[in-house]
Amino acid sequence: QMGLSQVINASEELAMALKFPNVRVFTAADEHSREELTDLMKIELPWSVPSAGVLDGGNFSHFSAVCWLFGRYLYESQKHPVGLVESCWGGTPVEAWSSERALQKCGLAKPKHSFQNAGASWDNTVLWNAMIHPLLNMTIKGAIWYQGEQNTEYHQDLYNCTFPAMIDDWRMAFHQGSGGQTSPVFPFGFVQVK
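This section reports on the structure supplied with the text. (Residues numbered from 1 in each chain as written. Predicted model: local features only at pLDDT ≥ 70, side-chain atom pairs only at ≥ 80, totals over all residues. Heavy atoms only, no water.)

**A closer look at the state of the cysteines**
Put simply, the rule is: Cysteine sulfur atoms are paired as a disulfide whenever they fall within 2.5 Å. Each residue's exposure class comes from its accessible area (1.4 Å probe, protein chains only) as a fraction of the maximum for that residue type: buried when under 20%, exposed when over 50%, partly exposed otherwise.
Evaluated as defined, the whole model comprises one disulfide. For Cys67, which is in no disulfide, the shortest distance to another cysteine sulfur is to Cys88 and amounts to 7.7 Å. With relative accessibility at 11%, the residue Cys67 sits in the buried group. A relative accessible area of 23% means that Cys88 is categorised as partly exposed.

As structure tokens, then:
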């Protein structure tokens, strides 16, 4: 998870943050759960007006540079307020962000699969349960995804099923969870690292 202080023109980007009060940022805390939650366990950053301190740490590590730069671009091009919800955890496989329903479409059962990385163990659905499912009642206009490298060692052969199944499932779940206010075909942009 790259913060704004890690981009090439970091000091310039951080100084410009105050020029975008109509872009608000929010960060869900890194949490996992074996059960689907209706509320976030913890909020890392409540809805905030961007500033250098907010985007580059403050009381938490940082706000995603990719999320901030994309949101700022949206604001500049669309000329209407933008709310950015950051719910991410670096070094995690797509299966952790997927519902049991999505994984079943690819032949993966929830309790039998686990991924090990740098001493951490990721069971299927645990980040969906704690960091996505609680957000389903929000109306969203799209999602961006910057992930994939952890699946080079874990279910690589199934990624062409699990990733599209997760996208389809998120679209359906946000559409239903928002009472139809989120489009069932909302844009889902992604960067894949090989």
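**Thoughts on the packing of aromatic side chains**
Put simply, the rule is: In this analysis, rings of Phe, Tyr and Trp, with Trp reduced to its six-membered ring, are considered paired at centre separations within 6.5 Å, and the interplanar angle assigns stacked below 30 degrees, edge-to-face beyond 60, and tilted for intermediate values. Put simply, DSSP H or I for four residues or longer makes a helix, DSSP E for two residues or longer makes a strand, and each gets a number counted from the N terminus. We call a charge positioned over a ring when the NZ of a Lys or the CZ of an Arg lies within 6 Å of the ring centre and within 35 degrees of the ring normal.
What the rule picks out here adds up to twelve aromatic pairs. Between Phe20 and Tyr75 the ring centres are 6.1 Å apart and the planes differ by 90°, which places this aromatic pair in the edge-to-face class. Of this pair, Phe20 sits in the loop between α1 (10-16) and β1 (23-28) while Tyr75 is found in helix α3 (residues 65-78), placing the two residues 55 residues apart along the sequence. Phe20 gets classed as buried once you look at its relative accessible area, which sits at 8%. Ring geometry for Phe163 versus Phe188: centroids 6.1 Å apart, planes at 75°, classification edge-to-face. Taken as a pair, Phe163 in helix α6 (residues 159-177) and Phe188 in strand β7 (residues 188-191) lie far apart in primary sequence, 25 residues in all. Ring pairing ties together the aromatic residues Trp97, Trp145, Tyr159, Phe163, Trp170, Phe188 and Phe190, which thus form one cluster. Its guanidinium or amino end placed over the ring of Phe186, Arg171 lies 6.0 Å from that ring's centre, counting from NZ or CZ.

**Observations regarding the sheet that holds β1**
Backbone-to-backbone hydrogen bonds join strands into a sheet, with any given pair of strands oriented parallel or antiparallel. Where we set the bar: One bridge is not enough; two strands pair if DSSP finds at least two bridges between them. Axis lines are fitted through C-alpha atoms, for helices just across the contact stretch, and the angle between N-to-C directions can take any value from 0 to 180 degrees. For this analysis, residues touch if any pair of their heavy atoms sits within 4.5 Å.
Spatially, the three strands line up as an open sheet ordered β2-β1-β3, and their pairing is mixed. Sheet topology places β2 (43-48) and β3 (82-86) at the edges, where each strand pairs with a single neighbour. Sheet twist, expressed as the average angle between the axes of neighbouring strands with direction ignored, equals 15°. Pairing between β1 and β3: five bridges, direction parallel. Bridge pairing links Val23 to Val82 in β3. Against the sheet, α3 contacts β1 and β3, and its axis sits at roughly 165° relative to β3.

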